[in-house]
Each structure stands twice: as structure tokens, then as C-alpha cells.
Amino acid sequence: MTLPVFLVAALPSGSEAVLDGPEGRHAATVRRLRAGEELVLSDGSGAQVRCEVVEALKDSLRLRVVERWVVPAPALRVVVAQALVKGDRGELAVELATEAGVDGVVPWKASRCVTKWDDGPRGAKALERWRATAREAAKQARRARVPEVADPVSTPGLVRLAQSAAVALVLHESASDSVASVELPREGDVLLVVGPEGGIAEEELKALTQAGAHVVRLGPTVLRASTAAAVALGALGVLTDRWR
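Since this is a predicted model, take the numbers as computed values, not measurements.

Colleague: Could you clarify how one ought to interpret the nonpolar core in this entry?
Modeller: Here is a general trend for soluble globular proteins: nonpolar side chains tend to be buried in one another's company. Counting residues in hydrophobic clusters, the biggest one holds 52 residues, and the most contacted among them are W108, L158, L169, L171, L191, V193 and L208. Beyond its immediate chain neighbours, meaning those up to four positions away, L191 contacts V79, A81, L158, L161, A162, A165, V167, A168 and L169. Listed in part, the 15 residues of the second largest apolar core include L19, C51, V53 and L61.

Colleague: So what exactly am I meant to see when it comes to helix α5 (residues 202–210) here?
Modeller: Every α-helical turn comprises 3.6 residues, leaving residues that sit three or four positions apart pointing alike. Along α5, the positions that sit buried rather than exposed are E204, L205 and L208. Seen along its axis, α5 keeps its buried residues to an arc of 100°; they face one direction. Looking at α5, the residues exposed on the side facing more than 90 degrees away from the buried face are E202, E203, K206 and Q210. The secondary structure elements touched by the buried residues of α5 are β7 (104–108), α4 (155–164), β9 (167–171), β10 (188–194) and β11 (214–216). Remark: G212 follows α5 within two positions and exhibits a positive phi of approximately 105°.

Colleague: Before we go on, may I ask you to explain the UniProt feature "domain: Ribosomal RNA small subunit methyltransferase E PUA-like" (unreviewed entry) in the chain in this structure?
Modeller: Those residues carrying the UniProt feature "domain: Ribosomal RNA small subunit methyltransferase E PUA-like" (unreviewed entry) are residues 19–65 in this numbering. The span residues 19–65 is 21% helix and 45% strand, and its two end C-alpha atoms sit 12 Å from each other.

Colleague: Sorry, what's going on with helix α3 (residues 121–140) here?
Modeller: Compared with the 28 Å implied by 1.5 Å per residue over 20 residues, the 28 Å span of α3 between its first and last C-alpha is a close match. Here α3 has its buried residues at G123, A126, L127, W130, T133, A134, A137, A138 and K139. If you follow the buried residues of α3, they end up packed against β1 (5–7), α1 (21–30), β6 (76–83), α2 (89–99), β7 and β8 (148–149). Positive phi appears at R142, one or two residues downstream of α3, with a value of about 60°.

Each value, and the rule that gives it
- Residues numbered from 1 in each chain as written.
- Predicted model: local features only at pLDDT ≥ 70, side-chain atom pairs only at ≥ 80, totals over all residues.
- Heavy atoms only, no water.
- Core = buried A, V, L, I, M, F, W, Y, C linked by side-chain atoms within 4.5 Å.
- Buried < 20%, exposed > 50% of the residue type's maximum accessible area, 1.4 Å probe, protein only.
- Contact = heavy atoms within 4.5 Å.
- Helix = DSSP H or I, 4+ residues; strand = E, 2+ residues; numbered from the N terminus.
- Arc of directions from axis to C-beta.
- UniProt positions renumbered as here; feature names shortened; annotations may be inferred.
- Expected span 1.5 Å × (residues − 1).

What follows is the structure, given as C-alpha cells:
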């Protein structure tokens, strides 16, 4: 099995370290790591350190640094603009996309979203749940880089992202073109737009296509708003060098 990953604010600079706080408590009391076992510390930005447990304390671990390395950022990044979805399906969308390798997530306030994020504490709390979900999913998937969950955007903000991306793909059930029919770049950002349960409004679709986005579909079936991004990321992994 691959080694468990624990996220820390700063990696140890010397040959020894202490893993404490919530991560240390989880490692010592939940994972029950003991002397001689190994783990990986990650800063969530590509740098990682393999460590051996020297001593397991009540809620922390004393560690010896064994190896250091940096996982470079991918040349071709995939950023998912995920429309807000009701209930816990938003967190599910972020979780699945993170496990599938997404590099960034942008919450999209589409016009047909049932869920509304205000600019106050409730909206901030919902955004923090998405960010916490990405963090935990990245650990579970043993990822070296935690995808950034950006501040939410409205449709004009999404149009600007589409204009600046190397290529923008809008998933839509009415599309006649497939993802495989679009020429994909070897580097830069692929913006992948996933609409809400009620679908993308015609005026939104028009604005995105005028910004240069390609309207595509994944296959013959209609996917949920919470699972579409993960399926698309799998397709992009095969169609590009991202999984090689």
C-alpha cells in the first residue's frame, strides 16, 4: 500500500520533526502509527517528505526524515467551474473531482442554481466546506497538490475565465460534438464547465460560446451535476498526457 499522507503548514527543514495538532492526533490515535512505520508529510503544493516514526506519543509523532522530493505541477491543468448544487452534492462533486485529478475548482453561481451562496457568513461557510472537502480528498487520494477552490464567480466572471483558458469545454446534453472531437492543448488551462441540476440557461450558453468555449457531451447518457466533472476528468486523462 502507498504511504498515508498528512498535510502540514510547513515541511521540516532538518532531519527530525514532530507531527502534532489535528494531523498528529489523527496519525497517533486513529491511524495508530507506531515506531518503524512510515508516512509522508506534504505541504499541499507539491513538496513532500517521507518520514519514519521514531516514537508515537499520546497525540503526536516524533519523526525522522528519510527522503524529500517535489512533484511538479502538470503542464496541462484542468480547472472545473462547478455550478452550485443543492445539499451535500456540491461537496461530493468536489470530492470526486479531486480524486480524479482536478487542479482547481471555481464555484459558479449559475442562474438556474437551486442553491444560493450569499456574500455573508453562510456563503463563506459553504465555500470553506468545499475547500475542506478538497483538502481531505487530496489526502485520501495521496495527491501531492491540493486543488485550489477559488472564490465563487457569476456568469460574467466565468466568461472571463473561458476567454483566458487555453481551451474551455462546456458539458451539455444537447451538444453534438464529443470531448474527443476537440483539439486539446499540451499545456495551459482547460476550463471544464459543469452546469446545475436545472441545466445551463440559453443566455449563459451563448455567452460562453461567444467567449470561445466548445459545447460538448461525454456520451449518450445524462450525468448528474455532482458526477459529470469526475467522468470528464477521466476522459481528459486518457485523451491527453495527464495520466502518462
